[in-house]
Amino acid sequence: MDRAVSLAFIGFGEAAQAFCEGWGAQPPGAIRAFDIKTEGAAAAAKRADYARWQVDGCDRAADALRGAEAVLSLVTADQALAAASDAAAGLTPGSLFFDMNSVAPETKRAAAAAIEAAGGRYVDVAVMAPVRPALLSVPLLVAGPHAEAGRALLEQIGFQARVVPGDVGAASAIKMLRSIVIKGLEALTAECLLSARAAGVEEEVLASLDASFPGWDWRTRADYNLDRMLVHGLRRAAEMRESAATAAALGQSGAMAAATADWQQRLGSLGLSPLPEGLAAKADAVLAATGKHDQ
């Protein structure tokens, strides 16, 4: 690494901690973080997260941002604009603000306006795959007037980033529209196989799907998809509402994305923990929790 870079995280959940894991014992420089969970009942757990990754946890966003050369915003989709607006007041002029949240292009443009008005340099970043197990190798797309400067700094601190043509919102549009399929497949899997399990015909349905899509291994994929929805459904629901808004702004109905958001919300809100092992056990747990298991 050429030189140390002062970083600030806004939001210190799974993604931020995965990046810290990727840096390991060689962080790119001083790292501070602010997470809204330090303000509530989960404060002790969040402070434990800071300590685990040797990050300087702050009680206020302004404290985390002070003097930071780069800010990585990693919050839930429904908090992304508020996080940018709040951060604007404490930004160091000229600092790069990497908005890595899964939100609609319109949301990112509104966030960019707040950051740019405060003298920051806003970079639209799309995280194109799960952060685990990829860590710093997760593919990133960047867009906007500061994309090249953003790419250079991201690569300096260990990420892999690619500039896509267009203004703020271009990278986000790619992510949001792709998510209609990726998260939509999860929702289709849930509706199909939970219903099949309730009817007692899941083995026949799985066999038929495997015959139609050779090599897909529907049982394994369905188990994984249910797992992701049960663990991350609330966050993914917020993302899919942004996908629906993206499609609607482009003249499409957004109905598929909206329905996916409903399914993600439904499973994520169950709070099942620990998760049962295997597709059948997960399906039974969901059906029992929703009062729909007739077997």
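Details of the structure are given in the entry above.
Residues numbered from 1 in each chain as written. Predicted model: local features only at pLDDT ≥ 70, side-chain atom pairs only at ≥ 80, totals over all residues. Heavy atoms only, no water.

**Student:** Got a minute to help me understand the sheet that holds strand β5 (residues 96-99) in this structure?
**Tutor:** Strand pairing in a sheet is mediated by backbone hydrogen bonds. Such pairs are either parallel or antiparallel. Taken in spatial order, the 8 strands make up an open sheet running β3-β2-β1-β4-β5-β6-β7-β8, and their pairing is mixed. The sheet is open, and its two edges are formed by β3 (56-57) and β8 (160-163), each paired on a single side. (Pairing = 2+ DSSP bridges. Helix = DSSP H or I, 4+ residues; strand = E, 2+ residues; numbered from the N terminus.)

**Student:** Any chance you could explain the packing of helix α8 (residues 170-199) against helix α12 (residues 279-289) here in plain terms?
**Tutor:** The relative placement of two packed helices is expressed as an angle between their axes plus a distance between the axes. α12 packs onto α8 with a crossing angle of 85 degrees between their chain directions and a minimal axis gap of 10 Å. Considered as vectors, α8 and α12 are oriented roughly perpendicular to each other. Every residue of α12 that contacts α8 at L193, L194, R197 and A198 is listed here: L279, A280, A283, D284, V286 and L287. Residues belonging to the contact of α8 with α12 are distributed by class as follows: 8 nonpolar, no polar and 2 charged. (Axes fitted to C-alpha atoms, helices over the stretch in contact; angles between N-to-C directions. Parallel < 35°, antiparallel > 145°, perpendicular 65-115°, else oblique. Contact = heavy atoms within 4.5 Å. Nonpolar A, V, L, I, M, F, W, Y, C, P; charged D, E, K, R; others polar.)

**Student:** In this structure, what is going on with the pattern of salt bridges? I would like to understand it.
**Tutor:** Side chains bearing opposite charge may pair, as long as their charged atoms lie close to each other. As enumerated under the stated definition, the model contains 17 salt bridges in all. Between E106 and R109 there is a salt bridge; the shortest N-O distance is 3.6 Å. Placement of the pair is E106 and R109 together in helix α5 (residues 105-117), with a separation of 3 residues, close to one helical turn. For E106, a relative accessible area of 37% gives the class partly exposed. Residue class for R109 comes out partly exposed when judged on its relative accessible area of 41%. Among the ionic pairs, K108 bridges to D124, the shortest N-O distance being 2.9 Å. With K108 in helix α5 and D124 in strand β6 (residues 121-127), the pair connects residues that are 16 residues apart, well separated along the chain. With respect to class, K108 is no different from D124; both count as buried. Within the structure, one salt-bridge network assembled from shared partners comprises D35, K46 and D49. (Salt bridge = Lys/Arg side-chain N within 4 Å of Asp/Glu carboxyl O. Buried < 20%, exposed > 50% of the residue type's maximum accessible area, 1.4 Å probe, protein only.)

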